[in-house]
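Secondary and tertiary structure notes
The primary structure of each chain is shown beneath.
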2 protein chains.
Amino acid sequence: MSIVLDPTAQDLLFREARTANTFTDEPVSDEQVQAIYDLVKFGPTAFNQNPLRVVLVRSAEARERLVSHMSEGNQSKTGTAPLVAILAADNEFHEELPSLLPHFPQAKDVFFAERPVREEAASLNGALQAAYFIVGVRAAGLAAGPMTGFDSAGVQKEFLDDDHTPLMVVNIGKPGEDAAFPRSPRLAYHDVVTSV
Amino acid sequence: MSIVLDPTAQDLLFREARTANTFTDEPVSDEQVQAIYDLVKFGPTAFNQNPLRVVLVRSAEARERLVSHMSEGNQSKTGTAPLVAILAADNEFHEELPSLLPHFPQAKDVFFAERPVREEAASLNGALQAAYFIVGVRAAGLAAGPMTGFDSAGVQKEFLDDDHTPLMVVNIGKPGEDAAFPRSPRLAYHDVVTSV
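Residues numbered from 1 in each chain as written. Chains lettered and ligands numbered in written order. Predicted model: local features only at pLDDT ≥ 70, side-chain atom pairs only at ≥ 80, totals over all residues. Heavy atoms only, no water.

**Comments concerning the pattern of salt bridges**
All names here are of chain A. Tallied over the entire structure, the rule returns 20 salt bridges over all chains. For Asp-38, the salt bridge identified is with Lys-41, shortest N-O distance 3.3 Å. Take Lys-41: its relative accessible area is 19%, and that puts it in the buried class. Put simply, Glu-92, Arg-115, Arg-118, Glu-119 and Asp-163 are held in one network by salt bridges that share partners. (Salt bridge = Lys/Arg side-chain N within 4 Å of Asp/Glu carboxyl O. Buried < 20%, exposed > 50% of the residue type's maximum accessible area, 1.4 Å probe, protein only.)

What follows is the structure in structure tokens.
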């Protein structure tokens, strides 16, 4: 057995977990989101950058504004999910580096003085943290519905600022009826992994 | 309890898992890598893009070439890890979409006809899959040492082609002596998550 992770955990996080398109009415509490964050915050990022930022869209007014920026096919599920989160990358993450990287506080100036370098680092490492977050949602017994189909500039303008780039919007909740499409195929191992 | 994932699994994947900088001599087999892939391939990507590609650097000659492109601080660990993998994003992933997205095969032409759109999608979704891969390495009871400190153009030229963009290099193996630095702090929940 190459995988030591318990089979039940494998199913919960990967094999049986599915992207949900419908949800029950059961709310998702701030305590649940905090438990998710406090688990997945330990996932690694380069130089411990921690560039991920999360905006929970809690009010009806904010939800309405967000839905108007979603692609048509994403509007109804975003309108009805128990919780919707905007995941973004903080392009000014370097301001926190002296406290996040106490053994090398000068990394802020040595490596991340230039904004384009920071943007590239934030988008890669923010995406890693977004994936950890999706895994964490599943670890909480919830389903995630990550979406990239939205007007990014509009979401940034409405909910973020020039220093924060949207990565994705994630619907979160207990899966409802017919929540998932039939699973689509994945690439075979030998189409993905080669050796030299 | 907001997290339903077993505490042992939480420790294995996040709480006790650490980025390793030294490794034992124990080899990592292709069977282990395949088991990792066959677990984490189920992690979600937009439109089921599956843009991640993995090059296992197996030969001594290839290892030597790779080490020469790593940042100085990454050279010795990359030279001695039991297995080193180059993770890359396939910017021509759309060629596989008709088989990966059988219910919407026209997505290839409707959404991904333009190369810049594909590059942006591949870098985001490839990064998500890289994070799932790191989680999978840990699920296999191994430690990952992901690194972005290398000459990206050099690695691309030596090991990939114009259609594949390096995302990171990952050392893989059983952690050795003093494998991890003391864990650096993470941002607090309220510094990362806000509500509107």
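Additional details are given in the paragraphs that follow.
**Structural notes on the relation of the copies chain A and chain B**
For the pair chain A and chain B, the best superposition has an RMSD of 0.0 Å and corresponds to a rotation of 180° with a translation of 0.0 Å parallel to the axis. Between the two chains, the operation in question is that of a two-fold axis. When the interface residues of chain A are mapped onto chain B, 100% of them again fall at the interface, so both copies present the same face. (Least-squares fit on C-alpha atoms with pLDDT ≥ 70 in both. Contact = heavy atoms within 4.5 Å.)

**Describing the packing of aromatic side chains**
On inspection of all chains with the given rule, the structure shows 14 aromatic pairs over all chains. Measuring from centroid to centroid gives 6.1 Å for Phe-104 of chain B and Phe-111 of chain B, while their planes differ by 75°, and the two rings are edge-to-face. A residue is classified by how much of its surface remains accessible, and Phe-104 of chain B, at 24% relative accessible area, is partly exposed. Ring pairing ties together the aromatic residues Phe-47, Phe-93, Phe-104, Phe-111 and Phe-112 of chain A, which thus form one cluster. (Phe/Tyr/Trp six-rings, centres within 6.5 Å; stacked < 30°, edge-to-face > 60°.)

**Considerations on the packing of helix α2 (residues 30-40) of chain A against helix α7 (residues 115-139) of chain A**
A pair of packed helices is characterised by two quantities: the angle between their axes and the separation of those axes. All names here are of chain A. Relative to each other, α2 and α7 sit at 125°, their axes nearing to 9 Å. Relative to α7, the element α2 is oriented oblique. In terms of crossing hand, the pair formed by α2 and α7 is right-handed. Here α2 contributes Ile-36, Leu-39 and Val-40 to the contact with α7, which in turn contributes Tyr-132, Phe-133, Gly-136, Val-137 and Ala-139. Of the residues assigned to the contact of α2 with α7, the class counts are 7 nonpolar, 1 polar and no charged. (Axes fitted to C-alpha atoms, helices over the stretch in contact; angles between N-to-C directions. Helix = DSSP H or I, 4+ residues; strand = E, 2+ residues; numbered from the N terminus. Parallel < 35°, antiparallel > 145°, perpendicular 65-115°, else oblique. Left-handed = near helix turned anticlockwise from the far one by under 90°. Nonpolar A, V, L, I, M, F, W, Y, C, P; charged D, E, K, R; others polar.)

**Regarding helix α8 (residues 152-159) of chain A**
All names here are of chain A. Among all positions in α8, only Gly-154, Val-155, Gln-156 and Phe-159 are buried. Where α8 is buried, its residues meet β1 (52-57), α3 (60-67), β2 (83-90) and β4 (164-173). The backbone nitrogen of Ala-153 has a side-chain oxygen 3.3 Å away, supplied by the residue at the start of α8, namely Asp-151. (Polar contact = N/O pair within 3.5 Å; in protein donor to acceptor, adjacent residues only side chain to side chain.)

**Comments concerning the interface of chain A and chain B**
The partner chain B presents 75 residues to the 75 residues of chain A that form the contact. Taking both sides of the interface into account, the surface hidden between chain A and chain B amounts to around 6500 Å²; carbon and sulfur atoms contribute 69%. Where chain A packs against chain B, one counts 0 salt bridges. When residues in the side of chain A that touches chain B are grouped by element, the largest group, 11 residues, is from α2 of chain A. Broken down by class, the residue content of the side of chain A that touches chain B amounts to 46 nonpolar, 17 polar and 12 charged. Looking at chain direction, strand β5 (residues 193-195) of chain A and strand β1 (residues 52-57) of chain B are connected through 3 bridges and run parallel. Across the sheet, Thr-194 of chain A pairs through a bridge with Val-55 of chain B, a residue of β1 of chain B. (Buried area = accessible area lost by both parts, 1.4 Å probe. Pairing = 2+ DSSP bridges.)

**Here's the deal with the sheet that holds strand β3 (residues 143-147) of chain B**
Taking strand neighbours across the sheet as the criterion, the 5 strands line up as β5(A)-β1(B)-β2(B)-β4(B)-β3(B) in an open arrangement whose pairing is mixed. Two strands in the sheet have a free side with no partner beyond their single neighbour: β5 of chain A together with β3 of chain B. Between one strand axis and the next, the sheet turns by 25° as a mean value, whatever way the strands run. Sheet strands in contact with helix α7 (residues 115-139) of chain B are β1, β2 (83-90), β3 and β4 (164-173) of chain B, and its direction is about 5° off that of β4 of chain B.

**Brief notes about the side chain of Glu-92 of chain A**
Residues and elements named next belong to chain A. Along the polypeptide, Glu-92 turns up in the loop between β2 and α5 (97-100). By relative accessible area, which is 19% here, Glu-92 ends up buried. In this structure the side chain of Glu-92 is engaged in a polar contact, spanning 2.8 Å, whose partner is the side chain of Arg-118. Contacts of Glu-92, omitting those with residues within four sequence positions, involve Arg-115, Arg-118 and Asp-163.

**Details of the side chain of Asn-91 of chain A**
Residues and elements named next belong to chain A. Following the sequence through the fold, Asn-91 ends up in the loop between β2 and α5. In this structure the side chain of Asn-91 is engaged in a polar contact, spanning 2.9 Å, whose partner is the side chain of Thr-165. Beyond its immediate sequence surroundings of up to four residues, Asn-91 is in contact with Arg-115, Arg-118, Glu-119, Ala-122, Asp-162, Asp-163, His-164 and Thr-165.

**So, the sheet that holds β1 of chain A**
Read across the sheet, 5 strands follow the order β3(A)-β4(A)-β2(A)-β1(A)-β5(B) without closing on themselves; strand pairing throughout is mixed. Of all the strands in the sheet, just β3 (143-147) of chain A together with β5 (193-195) of chain B have a single pairing partner and so form its edges. Neighbour to neighbour, the strand axes of the sheet diverge by 25° on average, direction disregarded. Packing against the sheet, α3 of chain A makes contact with β1, β2 and β4 of chain A, and its axis sits at approximately 65° to β2 of chain A. Its contacts with the sheet place helix α4 (residues 72-80) of chain A against β2, β3 and β4 of chain A, and it is angled at close to 145° to β3 of chain A.

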